[in-house]
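# Chain and residue survey
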Amino acid sequence: MAKVAFVGLGVMGYPMAGHLQTKGGHDVTVFNRTAAKAEKWVSQYGGKSAPTPQKAAHSQDFVMVCVGNDNDLRQVMLDPDGVFAGVRQGAIVVDHTTASAEIARELHAEAKARGFDFVDAPVSGGQAGAENGVLTVMCGGEAGPFAQAEKVIAAYARACNLIGASGSGQLAKMVNQICIAGVVQGLAEALHFAQKAELDIEKLVATISKGAAQSWQMENRYKTMAAGKFDFGFAVDWMRKDLAICLTEARRTGAHLPLTALVDQFYSQVQKMGGRRWDTSSLIALLQR
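Residues numbered from 1 in each chain as written. Predicted model: local features only at pLDDT ≥ 70, side-chain atom pairs only at ≥ 80, totals over all residues. Heavy atoms only, no water.

### Remarks on the environment of Phe118
- With respect to the helices, strands and loops of the structure, Phe118 is situated in strand 6 (residues 117-120).
- For Phe118 and Gly90, which are 28 residues apart along the polypeptide, the C-alpha to C-alpha distance reads 10 Å.
- If we ignore the near neighbours within four places in the chain, the residues touching Phe118 are Met77, Phe84, Val93, Asp95, Ala104, Leu107, His108, Ala111, Gly140 and Gly141. (Helix = DSSP H or I, 4+ residues; strand = E, 2+ residues; numbered from the N terminus. Contact = heavy atoms within 4.5 Å.)

What follows is the structure, given as structure tokens:
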């Protein structure tokens, strides 16, 4: 059992912190900017809540963080009442936010200067993965702190790997999102084509999913996509945030992402259709207008 703080109880963080308490058996203290959410978590899972990130982090062995973006992360980490003001020397901060590699390296350097460790550890698997405790976690940092953090992360992950030095976890998450963007667009076009050709979607997918066309998106989203229902996962607004990070990093490194840039524009059109909170499979909606 470890003393663990969890900062950020959104759709991902809330169940992740719950697994730390129930499955991991850890002593968990939570913080959320909306205090009522933290109080609800405590009433559901036990543990404790704290009024600030600093107080949540105080005297903990591990501090896990999951917030929205770079700006949220800087605020919750570096403000006078932020996480870094409360972390004890020798502790480990694990950041599950999907953010830039730049801020991961910045926070890693600041943590080391203050005498504790930092691991960037974005996750994949969506809300369902968080609720079921089967997330994939891709990490950047040093081997020693990672090995310690991995034992705690195991409460909500089915796979957790150290990819490389600080920032590598965030870079791996960018690769993950680039892959998803291309696959979803291809699946959207394929299902749209099949519907126009009046094929039996069930028979079609039962057949082609046994071959090279198979994907997680096909297995888990083809029915809802064909039905025009888009309330089953990661929101378009968040995907556009993630793709913006990918495209910014690509400009920095000189990588070419023409398909990713195109799909990002398709998602902007989904937003204009009123689909900001639709899940990422809603790309098919553009083709069915």
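### Details of the packing of aromatic side chains
- All chains considered together, the criterion is met by four aromatic pairs.
- Ring centres of Trp41 and Tyr45 lie 5.2 Å apart, and the angle between their planes is 40°; on these two criteria the pair is classed as tilted. Placement of the pair is Trp41 and Tyr45 together in helix 2 (residues 35-45), with a separation of four residues, close to one helical turn.
- By relative accessible area, Trp41 is classed as buried at 0%.
- Aromatic rings pair up to connect Tyr14, Trp41 and Tyr45 into one cluster. (Phe/Tyr/Trp six-rings, centres within 6.5 Å; stacked < 30°, edge-to-face > 60°. Buried < 20%, exposed > 50% of the residue type's maximum accessible area, 1.4 Å probe, protein only.)

### Comments concerning the packing of helix 9 (residues 201-208) against helix 10 (residues 216-227)
- Viewed as axis vectors pointing N to C, helix 9 and helix 10 meet at an angle of 165°, and their least axial separation amounts to 11 Å. As the angle between them shows, helix 9 and helix 10 are arranged roughly antiparallel. Seen from above, helix 9 lies across helix 10 with right-handed handedness. Counting all contacts with helix 9, which are made through Ile201, Glu202, Val205 and Ile208, the residues of helix 10 involved are Met218, Tyr222, Lys223 and Ala226. (Axes fitted to C-alpha atoms, helices over the stretch in contact; angles between N-to-C directions. Parallel < 35°, antiparallel > 145°, perpendicular 65-115°, else oblique. Left-handed = near helix turned anticlockwise from the far one by under 90°.)

### Section: the nonpolar core
- In this structure, Phe6, Leu20, Met64, Ile153 and Tyr156 are the most contacted members of the largest nonpolar core, which totals 33 residues.
- Aside from chain neighbours lying at most four places away, what touches Ile153 is Met64, Val94, His96, Val137 and Cys160.
- Grouped together as the second largest cluster of nonpolar side chains are 26 residues, Leu191, Met218, Phe230 and Leu286 included. (Core = buried A, V, L, I, M, F, W, Y, C linked by side-chain atoms within 4.5 Å.)

### Quick word on helix 7 (residues 143-153)
- Turning to helix 7, its buried residues number three or more, namely Pro145, Phe146, Ala149, Val152 and Ile153. In a view along the axis of helix 7, the buried residues occupy a sector of 115°, so they form one face of it. When the buried face of helix 7 is taken as reference, the exposed residues oriented beyond 90 degrees from it are Ala143 and Lys151. (Arc of directions from axis to C-beta.)

### Brief notes about helix 11 (residues 236-253)
- When the terminal C-alpha atoms of helix 11 are compared, their 25 Å separation across 18 residues agrees well with the 26 Å that a helix rising 1.5 Å per residue should span.
- Every buried residue of helix 11 is listed here: Val236, Asp237, Met239, Lys241, Asp242, Leu243, Ile245, Cys246, Leu247, Glu249 and Ala250. (Expected span 1.5 Å × (residues − 1).)

### Observations concerning the state of the cysteines
- Across all of its chains, the model carries zero disulfides by this definition.
- Not part of a disulfide, Cys66 finds its nearest cysteine sulfur in Cys139, a span of 13 Å. (Disulfide = S-S within 2.5 Å.)

### Section: the side chain of Ser124
- Among the secondary structure elements, Ser124 is positioned in strand 7 (residues 123-124).
- Given the relative accessible area of 18%, Ser124 is considered buried.
- Of the polar contacts made by the side chain of Ser124, one reaches the side chain of Asn176; its length is 3.3 Å.
- Not counting residues within four places of it along the chain, the set of residues in contact with Ser124 comprises Leu135, Thr136, Met138 and Asn176. (Polar contact = N/O pair within 3.5 Å; in protein donor to acceptor, adjacent residues only side chain to side chain.)

### Examining the packing of helix 8 (residues 168-196) against helix 10
- Axis separation between helix 8 and helix 10 bottoms out at 11 Å; the angle between their running directions is 45°. One finds that helix 8 runs oblique with respect to helix 10. Crossing geometry of helix 8 relative to helix 10 is assigned as right-handed. When helix 8 is examined against helix 10, the residues Ile180, Val183, Val184, Leu187, Ala188, Leu191 and Gln195 are found in contact with a partner set consisting of Gln217, Met218, Tyr222, Met225 and Ala226.

### Quick word on the side chain of Gln21
- Counting through the fold element by element, Gln21 comes out in helix 1 (residues 13-22).
- Here Gln21 falls in the buried class, since its relative accessible area comes to 19%.
- In this structure Gln21 touches His26, Asp27, Val28, Trp41, Tyr45, Gly46 and Gly47, once residues within four positions along its chain are discounted.

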